[in-house]
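Structure assessment
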Amino acid sequence: MPSPSRLPTAVRLLLVLLGVGLGLNLRDLSAAAGLPIPALPMPYGGSLLDNLLAVLTAVLLAALLRPRGTGLAASLGLRWNGASGPAWVLLASLPCWLGLAVMGRPNTALTTLDASMLTVLFPLAEEVLFRGLGFVLLVKIVRGPWALLALPQALLFGMVHWLGFGGVDGGGVALFVGAVIALGGFVFAWLDHLDGDTLWCGLALHVSMNLAWNVFSLEDSVALGWQATALRIGTALLAVAVLAWRVHRRRAVTPL
């Protein structure tokens, strides 16, 4: 097998996009090929296995495609860059919690298992696949503006959720959800870029917002309405502004 550094850039780009686009659907592809992979024998067993396979896909592709001299953890954005950035992002997500508390009501049906899977483990797997493989690694192997390199994974992120809401059959609701989540995927990558191409700031916002949307229950008409949508987008942009300010301040006080 060729060493990672000798693979043509176009081949690496194609493999990254294929991995990001298909990573969460490996069991579906396997079943279509006549080789079904059974779910784990536990609650969320199917979804958990899908996410584990997605992370495994990201790790294997990063090991193959990372530039020479780049560690595996760094190639996926798993290098730790300090707690300050994620802490500021969490603080910026507070308006989302306050807004949902006003618009909704406490979700008394939420269990610890639900919260662990839906707000921590699944977002972590998505960040490793979409932002780790689909953005951080892409930045390391393809030269170009970071915003342009963030677009493919954001569009694929939105598409996966659009399909999850029924795709074409889901009509306008599915399209709306896909568009909002695609924007979220871009913002998560933006936060990661501001924090030195690491995953932790994007993950902090992803986890906090997912948790808030599960802690509080909203009627569908409210959740898809303009107020809730503005709250989502406004919180995401506030997180970017706060982190950009923090990065600027840190650079201003750092001696040359």
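For the structure itself, look to the data block above.
Quick caveat, the model's predicted, so the values are computed rather than measured.

**Some points on the overall build of the chain**
- Each helix and strand counted, the chain has 12 helices and 2 strands in total.
- Seen in sequence order, the chain has helices and strands lined up from the N terminus as α-α-α-α-α-α-β-α-α-α-α-β-α-α.
- Here the C-alpha radius of gyration of the chain, 19 Å, is about what a compact globule of 256 residues would show, namely 18 Å.
- Expressed as lengths along the three principal axes of its C-alpha atoms, the size of the chain is roughly 60 × 55 × 30 Å.
- A separation of at least 24 residues holds for 78% of the contacts in the chain among residues at least 6 apart in sequence.
- Accessible area of the chain: about 12800 Å², with a carbon and sulfur share of 71%.
- One finds the centroid of the 15 positive side-chain charges in the chain at a distance of 18 Å from the centroid of its 11 negative side-chain charges.

**Points about the pattern of salt bridges**
- Here the structure, examined in full by the defined rule, presents 4 salt bridges.
- A salt bridge links arginine 27 to aspartate 50; its shortest N-O distance comes to 3.2 Å. Separated by 23 residues along the polypeptide, arginine 27 in helix α2 (residues 26-32) and aspartate 50 in helix α3 (residues 45-65) bring together distant segments of the chain.
- With its nearest N and O atoms 3.4 Å apart, the salt bridge here joins aspartate 195 to arginine 246. Taken as a pair, aspartate 195 in the loop between α9 (171-194) and α10 (200-215) and arginine 246 in helix α12 (residues 226-253) lie far apart in primary sequence, 51 residues in all. Each of the two residues, aspartate 195 as well as arginine 246, counts as buried.

**Observations concerning a nonpolar patch on the surface**
- Residues Trp88, Leu91, Leu94, Leu98 and Trp245 make up a contiguous nonpolar surface patch of roughly 520 Å² in combined accessible area.
- If you trace the backbone, tryptophan 245 turns up in helix α12.

**Considering helix α6 (residues 94-103)**
- When we look at burial in α6, the residues that qualify are Cys96, Gly99 and Leu100. Buried residues of α6 fall within an arc of 95° about the axis and therefore sit on the same side. The exposed residues of α6 that point more than 90 degrees off its buried face are Leu98 and Val102.
- For α6, the elements touching its buried residues are α10, β2 (216-217) and α12.

**Some details on unusual backbone geometry**
- The backbone of tyrosine 44 shows a phi angle near 65°, a positive value even though the residue is not glycine.
- Look at tyrosine 44 and you get partly exposed, because its relative accessible area is 25%.
- The backbone of aspartate 197 shows a phi angle near 55°, a positive value even though the residue is not glycine.
- With respect to the helices and strands, the residue aspartate 197 is situated in the loop between α9 and α10.
- Classification of aspartate 197 by relative accessible area gives buried; the value is 16%.

**Brief notes about the environment of tryptophan 97**
- With respect to the helices, strands and loops of the structure, tryptophan 97 is situated in helix α6.
- Relative accessible area serves as the criterion here: at 23%, tryptophan 97 is assigned to the partly exposed category.
- Measuring from C-alpha to C-alpha, the distance between tryptophan 97 and phenylalanine 216 comes to 8.6 Å, with 119 residues separating the pair along the chain.

**Some thoughts on the side chain of aspartate 195**
- Note on aspartate 195: relative accessible area 1%, which makes it buried.
- Excluding residues within four positions of it along the chain, aspartate 195 makes contact with Asn81, Gly85, Pro86, Cys201, Leu243 and Arg246.

**Topic: the nonpolar core**
- Formed by 54 residues in total, the largest nonpolar core has its most connected members in Val16, Val89, Leu100, Phe130, Leu133, Leu191 and Leu205.
- Top element by residues in this core is helix α7 (residues 112-141). It accounts for 9 residues.
- Not counting residues within four places of it along the chain, the set of residues in contact with leucine 100 comprises Ala212, Trp213, Phe216, Leu218 and Leu231.

Conventions we followed
- Residues numbered from 1 in each chain as written.
- Predicted model: local features only at pLDDT ≥ 70, side-chain atom pairs only at ≥ 80, totals over all residues.
- Heavy atoms only, no water.
- Helix = DSSP H or I, 4+ residues; strand = E, 2+ residues; numbered from the N terminus.
- Rg over C-alpha atoms; globule rule 2.2 N^0.38 Å.
- Contact = heavy atoms within 4.5 Å.
- Areas by Shrake-Rupley, 256 points an atom, 1.4 Å probe, with all protein chains shown as cover.
- Lys, Arg positive; Asp, Glu negative; His and termini not counted.
- Charge placed at Lys NZ, Arg CZ, Asp CG, Glu CD.
- Salt bridge = Lys/Arg side-chain N within 4 Å of Asp/Glu carboxyl O.
- Buried < 20%, exposed > 50% of the residue type's maximum accessible area, 1.4 Å probe, protein only.
- Patch = residues over 30% accessible without salt bridge, like charges linked within 9 Å, V, L, I, M, F, W, Y side chains within 5 Å.
- Arc of directions from axis to C-beta.
- Core = buried A, V, L, I, M, F, W, Y, C linked by side-chain atoms within 4.5 Å.

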